[in-house]
Amino acid sequence: MRKPNRSAGRARPPAPPAGLAPRRVAADLIEGVLYHGRPLDEALEAALGAVAERDRALVRMLAATVLRRHGTLRAVVGTFLTRAPKGGPRLDAALLLGAAQILFLDVPDHAAVDLSVRLAQADHAARHYAGLVNAVLRKVAAEGQAVLAGLTDPALDTPDWLMARWRAAYGAEIAATIAEAHRHEAALDLTVKADAAGWAERLGGRSLPTGTVRLLAKGPVPQLAGFAEGAWWVQDAAAALPARLLGDVRGLRIADLCAAPGGKTLQLASAGALVTAVDRAESRLDRLGQNLGRTGLDAEIVCADVMDFAGGPFDAVLLDAPCSATGTIRRHPDVAWTKRPQDIASLAELQAALLDRAVQLVKPGGRLVYCTCSLEPEEGPDQIEALLARRPGVTRLPIEAAAIGADPAWITAAGELRTLPCHLPDADPRLAGLDGFFAARLAIG
Ligand SMILES: C[S@@+](CC[C@H](N)C(=O)[O-])C[C@H]1O[C@@H](n2cnc3c(N)ncnc32)[C@H](O)[C@@H]1O
């Protein structure tokens, strides 16, 4: 019998367990968000080369769960630490990731503990704490659920400065329900070209009063019926409302400003408008082009800064301005940890400039819809108040809930759209909620 071939008598190190590679990438993403303010999806995109196709959804789910329940996980782990260990970001990520898998994900406790110990062992600063990771996570496995049961305040998973802002804007009770809504991953929302009820049935989802089809995401989106033939595109139910505020757009020339990746362009083109989609990000416009190609819809694509864009004038303009995106935390839990208070002031300045430019691009007698996916008043109603004050020719055209299938509670006293993550409640939290969107409709004199 031949002996196994061992070069120079050295045994090969055992292969790492299968689940380690995705945990390593997830730990990198968590550190990127928490220590470097790097957006999760941007980092995930950059890391795709290091992640096997089959592991991509797992990596995102691991990182997103840690970020969604960051405060809670830190509190549970902290219960079993006598003092903060100095093992650096990798130790932190290994502990949070291990606790997230034990408490919130369908991973056997022993695997979660072992993989986090290995993550720590592979890092120069964290490896001295591998024994501590093992001990703490074993305690989380044994006693963590009991600790969790006592941590009922949803504000725990929201940075204090954001919680304070939402309490000031919406009151303590609504702020708490917003924070609670952020603890759940959002459903998959689709905007369909036609036949929402039919697609809801075919996809095993439900048709919302606004026309969106909502389902629980199972598996990769491109594998769902209707994707390849371009019958629908992914778009949060609230994100689908601003374009509909323009009413019947057949044959109208419309500029969609800050358009990429194109959810609203697709809606307007599908409704028969002649759309010019403007965005300054080339890579995002590539995605817009792909989305048009897949859905067989048409629009003119212009890669330009809106401030320099000289087209028009247009019958109508839709401005989906860049914003803090605090309305999208259910889908992008990293936003809560990457944004800073000062971002809101600088974004508000940019939004005001973009709004002024948008007004100039509308024909006299035309309409302008302004929207942001932010919960912050400075990026929503305050922008409109300031615009109306500085431009006497601009007036507000109040929104009627019934015209867009909205709940009247989503329309403010001023006639603006204000959706919140806690809107559209459901007994199953996985099917509840809306992105937090603000939209106003204006007439340009
Ligand atoms: C909220 S996203 C737009 C989402 C898009 N409307 C949709 O429905 O799919 C904001 C976009 O604004 C773009 N943007 C930011 N500042 C811009 C500017 N000054 N000129 C043009 N585009 C800009 C960004 O590249 C980004 O694609």
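If you're wondering where the values come from, they're calculated on a predicted model, not measured in any experiment. (Residues numbered from 1 in each chain as written. Predicted model: local features only at pLDDT ≥ 70, side-chain atom pairs only at ≥ 80, totals over all residues.)

**Looking at the sheet that holds strand S3 (residues 213-215)**
Step number 1: Read across the sheet, four strands follow the order S2-S3-S1-S4 without closing on themselves; strand pairing throughout is antiparallel. Both edges of this open sheet fall to strand S2 (206-207) and strand S4 (232-234), since each of them pairs with a single strand only.
Step number 2: As paired elements, strand S1 (residues 188-192) and S4 share three bridges and run antiparallel to each other. When the bridges of S4 are listed, Thr 191 appears paired with Trp 233. (Pairing = 2+ DSSP bridges. Helix = DSSP H or I, 4+ residues; strand = E, 2+ residues; numbered from the N terminus.)

**Examining the site of the ligand**
Step number 1: Within the structure, the ligand sits among 16 residues, and Cys 258, Gly 263, Arg 280, Ala 281 and Asp 320 are positioned closest to it.
Step number 2: Of the residues in the shell around the ligand, the class split is eight nonpolar, two polar and six charged. (Near = placed C-beta within 6 Å. Nonpolar A, V, L, I, M, F, W, Y, C, P; charged D, E, K, R; others polar.)

**Here we look at the UniProt feature "domain: SAM-dependent MTase RsmB/NOP-type" (unreviewed entry) in the chain**
Step number 1: The feature "domain: SAM-dependent MTase RsmB/NOP-type" (unreviewed entry), as annotated in UniProt, sits at residues 162-445 in this numbering.
Step number 2: For the annotated span residues 162-445, helix accounts for 31% and strand for 20% of the residues, and the straight-line distance between the end C-alpha atoms is 37 Å. (UniProt positions renumbered as here; feature names shortened; annotations may be inferred.)

**Description of the UniProt feature "active site" (unreviewed entry) in the chain**
Step number 1: The UniProt feature table records "active site" (unreviewed entry) at Cys 373.
Step number 2: Residue placement: Cys 373 occurs in the loop between strand S9 (362-372) and helix H16 (381-390).
Step number 3: Here Cys 373 falls in the buried class, since 29 other C-beta atoms lie within 10 Å of it.
Step number 4: Once residues lying within four places of it in the same chain are set aside, the contact partners of Cys 373 are Ala 239, Cys 323, Ala 325, Gly 327, Thr 328, Asp 435, Gly 436 and Phe 437. (Buried ≥ 20, exposed ≤ 12 C-beta atoms within 10 Å, placed from the backbone. Contact = placed C-beta atoms within 7 Å.)

**Considering helix H6 (residues 109-121)**
Since the α-helix packs 3.6 residues into each turn, any two residues three or four apart lie on the same face.
Step number 1: Look at H6: 18 Å from first C-alpha to last across 13 residues, which is about the 18 Å you get at 1.5 Å a residue.
Step number 2: Within H6, burial applies to Ala 112, Val 113, Leu 115, Ser 116, Val 117, Leu 119 and Ala 120.
Step number 3: At its buried positions, H6 is contacted by helix H1 (20-36), helix H5 (88-104) and helix H7 (130-149). (Expected span 1.5 Å × (residues − 1).)

**Here's the deal with H1**
Step number 1: End to end, H1 covers 23 Å across 17 residues, agreeing with the expected 24 Å (1.5 Å per residue, within 8%).
Step number 2: Looking at H1, one finds that the buried residues are Pro 22, Arg 23, Arg 24, Val 25, Ala 26, Ala 27, Asp 28, Leu 29, Ile 30, Gly 32 and Val 33.
Step number 3: Considering only its buried residues, H1 is in contact with helix H2 (40-46), helix H3 (56-68), H5, H6 and helix H14 (335-338).
Step number 4: Looking one or two places after H1, you find Gly 37, whose phi comes out positive at around 65°.

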